[in-house]
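Listed here are the chains, written in short residue letters.
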Amino acid sequence: MDSIVLYTEEIDDLGEAAEELFAQAETFPLKQNTLAVLFAEEDCDYPALYERLSSRWDFPVIGGTTLAMLLTAQGCCRTGISILLLTADDCAFAVGMTGELDKKNYHGEIKRLCASLREELPAPPKLVLTYGGMVASEENVPGDEVVSVIEETLGKDVPVYGGIASDGFNFNNYRVFCGDRATQSGQAVALVSGAVDPIFISTNSVANRADVSYKVTQAQSNQVLRLGSGTFVDALRRENMEVSKQNVVGDYFLSPFVLSVDLGDGDVAEITRTLSLLNLETETGVFLGGVPEGSILRIGILGRKDVQKSVDQAFGEILATLAKSGGSRRALLCHSCAARFLAMASNTKAEAETYQACLPKGVSLLGMYGNGEFCPMPGKKTGKNHNFFHNFTFTIMAI
């Protein structure tokens, strides 16, 4: 699979933006099947941009808004429009997006979409690339539920990779893109079949944890009702944490909750979660991802040094893998948590600087900072990969 990264700072004159992108791709040879992964700042009028892009390009587009982008040459960029073109003769793409999702309709909507896209492919899918919206209300669908329905429809052996759209920490201006549509809570999905064998790296950036821990004694998906013998809000009060308002995602953005998950086959994995909402009547907490009942919850501390260490580790692993693959994988797609960007404070270019000096010639890289990450991760005991929804994590897919 061949690839190229395109970028323009222009978002006001979309005609000019499209022309800049077309010019950068002019000498890049497109093969039989092509997919565009597009990230843009929140002020971009995506439907209008797509109208201009589709005047010359007849291939599908998938992606979303982002707080900032990671690019092969430019490094970290807060503004503009970026595109990764993936093209191949021996791969096929099937792309679509659900309508706006809530907890009542998400299962049927995602299942129907994945089943329909599977029928469009000439062979079984080997990769799912997906983008969605964040949990901004109790009716929004957590990332774990998205993964669960995809696995139910396509099987657990098909890797799921992607991210949650973000904005400039407004938490209400994010959008998900697919074709000519932009939604807030739709789920965009691209299935890939053929000669594709992706490799995944994920690193958690939460090395420090508070001494106190709580057992989750009552939970429903991403809603935690009780910790130990008290309510979720009771526990936060005891730790002198914010409990005075409903929307607390901004207050807890640098305070990850760390938990161990039983994978059901004797294996375990450690994941992190972002607290999004408090229900002050029921004293429950709503997270961006699921929190299993019976798990042990710890409060983490996100620090700049830990963020840098984890990205160094991730790129060290993926570059070593690329060196062994003999040039068969020439595109890197990265998804990093927006909280990591915030934790880096004035040194927001640090993650980009890690790869810019050592990225092999001919390898394209595009990344985004989102409000969650989809990426397979190995269990701690068996090393077997399992699909997960993450927070506070840096992920890479080499394809």
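Whatever comes next refers back to the structure up there.
Everything numeric here is computed off the predicted structure, so don't read it as measured data.

Caption draft 1: Highlighting the sheet that holds strand β6 (residues 81-88). A sheet is described by the order of its strands in space; here six strands give the open sequence β1-β6-β2-β3-β10-β11, paired in mixed fashion. Single-partner strands in this sheet number two, and they are β1 (2-8) and β11 (181-183). Averaged over all neighbouring strand pairs, the angle between strand axes comes to 15 degrees, with direction disregarded. Where strand β3 (residues 61-65) lies against strand β10 (residues 176-178), three bridges are found, and the strand directions are antiparallel. When the bridges of β10 are listed, G63 appears paired with F177. On top of the sheet, helix α1 (residues 14-25) reaches β1 and β6; it is set at about 150 degrees to β1, its chief contact.

Caption draft 2: The layout of surface pockets, seen in detail. Within this model, the largest pocket holds a volume of roughly 650 Å³. In terms of lining residues, the largest pocket is bounded by 25 residues, among which V147, E151, H386, N387 and F388 are the most central. Elements supplying a minimum of two residues to the lining of the largest pocket: α4 (143-154), β17 (257-262), β18 (268-273) and β25 (385-390). Here the lining of the largest pocket is composed, by residue class, of eleven nonpolar, six polar and eight charged.

The rules behind each value
Residues numbered from 1 in each chain as written. Predicted model: local features only at pLDDT ≥ 70, side-chain atom pairs only at ≥ 80, totals over all residues. Heavy atoms only, no water. Pairing = 2+ DSSP bridges. Helix = DSSP H or I, 4+ residues; strand = E, 2+ residues; numbered from the N terminus. Axes fitted to C-alpha atoms, helices over the stretch in contact; angles between N-to-C directions. Contact = heavy atoms within 4.5 Å. 1 Å grid on protein atoms, 1.4 Å probe; cavity = no way out; pocket = protein on both sides within 12 Å on 5 of 7 lines; lining within 4 Å. Points joined across faces, edges and corners; volume = space filled by probe spheres on them. Nonpolar A, V, L, I, M, F, W, Y, C, P; charged D, E, K, R; others polar.

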